[in-house]
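Structure at a glance
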Amino acid sequence: MNRLTSIYNSIDKMLLLVIFILGIISITMIGSTEFDGTFHVTRDIIVQGGCYILGFILIIALLRINYQSFLGLEKYMYIAAIVLLFSVYVPGLGIEQFGSRAWINLGITTLQPSEFVKLLFILIMASYFESHRNELHSFRGLIKSAIVAAPIIVIVLKEDLGSALVFAAIWLAMLFFAGIDYGVLGKFMLLVLAAIPVAYRFLADYQKERIEAFLHPSNLSLAGNYQVFESKIAIGSGGFFGKGLFHGLQKELDFIPVAKSDFIFSVICEELGFLGGLLVILLFAFLLYRLTRVIKETSTMYGALIVVGVIGMFLFQAFENIAMTMGIMPVTGITLPFMSLGGSSILSNMLAIAMVVNVSYHSNNINFKQSSAILYK
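Residues numbered from 1 in each chain as written. Predicted model: local features only at pLDDT ≥ 70, side-chain atom pairs only at ≥ 80, totals over all residues. Heavy atoms only, no water.

**Section: helix H4 (residues 74–86)**
Over its 13 residues, H4 extends 18 Å from the first C-alpha to the last, a length consistent with the 18 Å expected when each residue adds 1.5 Å. Among the residues of H4, those classed as buried are Met 77, Ala 81 and Leu 85. Each buried residue of H4 sits inside an arc of 70° when the element is viewed along its axis, so together they form one side. Of the residues in H4, the exposed ones pointing more than 90 degrees away from the buried face are Lys 75, Tyr 76, Ile 79 and Val 83. Where H4 is buried, its residues meet helix H5 (113–131) and helix H6 (139–159). (Helix = DSSP H or I, 4+ residues; strand = E, 2+ residues; numbered from the N terminus. Expected span 1.5 Å × (residues − 1). Buried < 20%, exposed > 50% of the residue type's maximum accessible area, 1.4 Å probe, protein only. Arc of directions from axis to C-beta. Contact = heavy atoms within 4.5 Å.)

**Focus: the pairing of strand E2 (residues 100–105)**
Where strand E1 (residues 94–97) meets E2, three bridges bridge the pair, whose relative direction is antiparallel. Bridge assignment links Ile 95 to a residue of E2, and that residue is Trp 103. Where E2 and strand E3 (residues 110–111) come together, two bridges link them in antiparallel fashion. Among the inter-strand pairings, Ile 104 is bridged to a residue of E3, identified as Leu 111. (Pairing = 2+ DSSP bridges.)

**A look at the packing of aromatic side chains**
This model, assessed by the stated rule, comprises twelve aromatic pairs. Note on Phe 314 and Phe 338: the rings are 5.1 Å apart at their centroids and 55° apart in plane angle, and the pair reads as tilted. With Phe 314 in helix H13 (residues 301–325) and Phe 338 in the loop between H13 and helix H14 (343–375), this pair connects stretches of sequence that are 24 residues apart. Residue classification places Phe 314 among the buried positions, given a relative accessible area of 2%. Taken together through their ring pairs, the aromatic side chains of Phe 35, Phe 39 and Phe 246 make up a single cluster. Here the guanidinium or amino end of Lys 208 rests over the ring plane of Tyr 200, the centre of that ring lying 5.6 Å away. (Phe/Tyr/Trp six-rings, centres within 6.5 Å; stacked < 30°, edge-to-face > 60°. Lys NZ or Arg CZ within 6 Å of the ring centre and 35° of its normal.)

**Some remarks on the side chain of Thr 335**
Looking at where Thr 335 falls in the secondary structure, it is placed in the loop between H13 and H14. Looking at Thr 335, the relative accessible area reads 11%, which means it is buried. Within the structure, Thr 335 has its side chain in polar contact with the side chain of Ser 345 (distance 3.3 Å). For Thr 335, the residues in contact, after removing those within four places along its chain, are Glu 115, Ser 261, Asp 262, Gln 317, Asn 321, Ser 340 and Ser 345. (Polar contact = N/O pair within 3.5 Å; in protein donor to acceptor, adjacent residues only side chain to side chain.)

The structure is reproduced here in structure tokens:
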């Protein structure tokens, strides 16, 4: 009972509430994509809801493990990350979907390893930056951190440009927080810009096509532009108040591509209008705000870096996905956190929240014990 009371008093209930609300919206909008006069509890809804329930259970269950227990395990996590990423190439295990070989077949379901490698990547880089902060004032120190991150990013890039960009965003967010010298970072960014023409030659054809499509948005024959065109029609036709829940015409006629996943924000805007889209954006803003609060109360640099990595991941994914549906960013296949259909995505997001809650919980306990020791000394 004392442990449950401690958990209840220490856990950020507002953080969990906003995730619960996002989950309800997600399940409702996924159901809307299959609405035919009756709301059907489909397999997709069961999987989405089940992953949310499992996620909330894991958030509480994993509090038994102190996040600092992962310090010293970076080498093993790095090996595990590489093995997971290469598992998609194992014959009979790895499968190709949506033009890329980024999933493994588990029989009853499929799993996207890169979603879980993001979490390992955050733990790996948090440990690295925590112990190498003093090196970040030099260009050599920055390059060393890039060398640590690069193998994982490059392996992901081969099959999934969008996910590779998420990994890069996580690395950059943690780099800023760790105290990178801006002059050094500026030199590095110039080096990256100079390398883009060379890197472009090594991209897969479909990845090049998406970049070309973004640069020539009026050419609907290019891959991705037609989807964005229909997405913008759906968003615009929703107006201020929307056409009403379950009454989206673009969705009903299957004009919105991958409506349950990549373009679920388009469905929200068509049916719930500008107000519905704004509500989702505000919920994400509130989520990020609650995450930043954890940084202030965290007792270790390692814990703070973990939270920063999670913030960088959610911020970039939410921005890229929403901007993609409006044609502001290229189509990359990045899902909208906590909203898009996908068991791997939801579980990965919930485990990321579990990491943050763990940091907050154990930091609060440490701070409480330290305060008590001073009080009764």
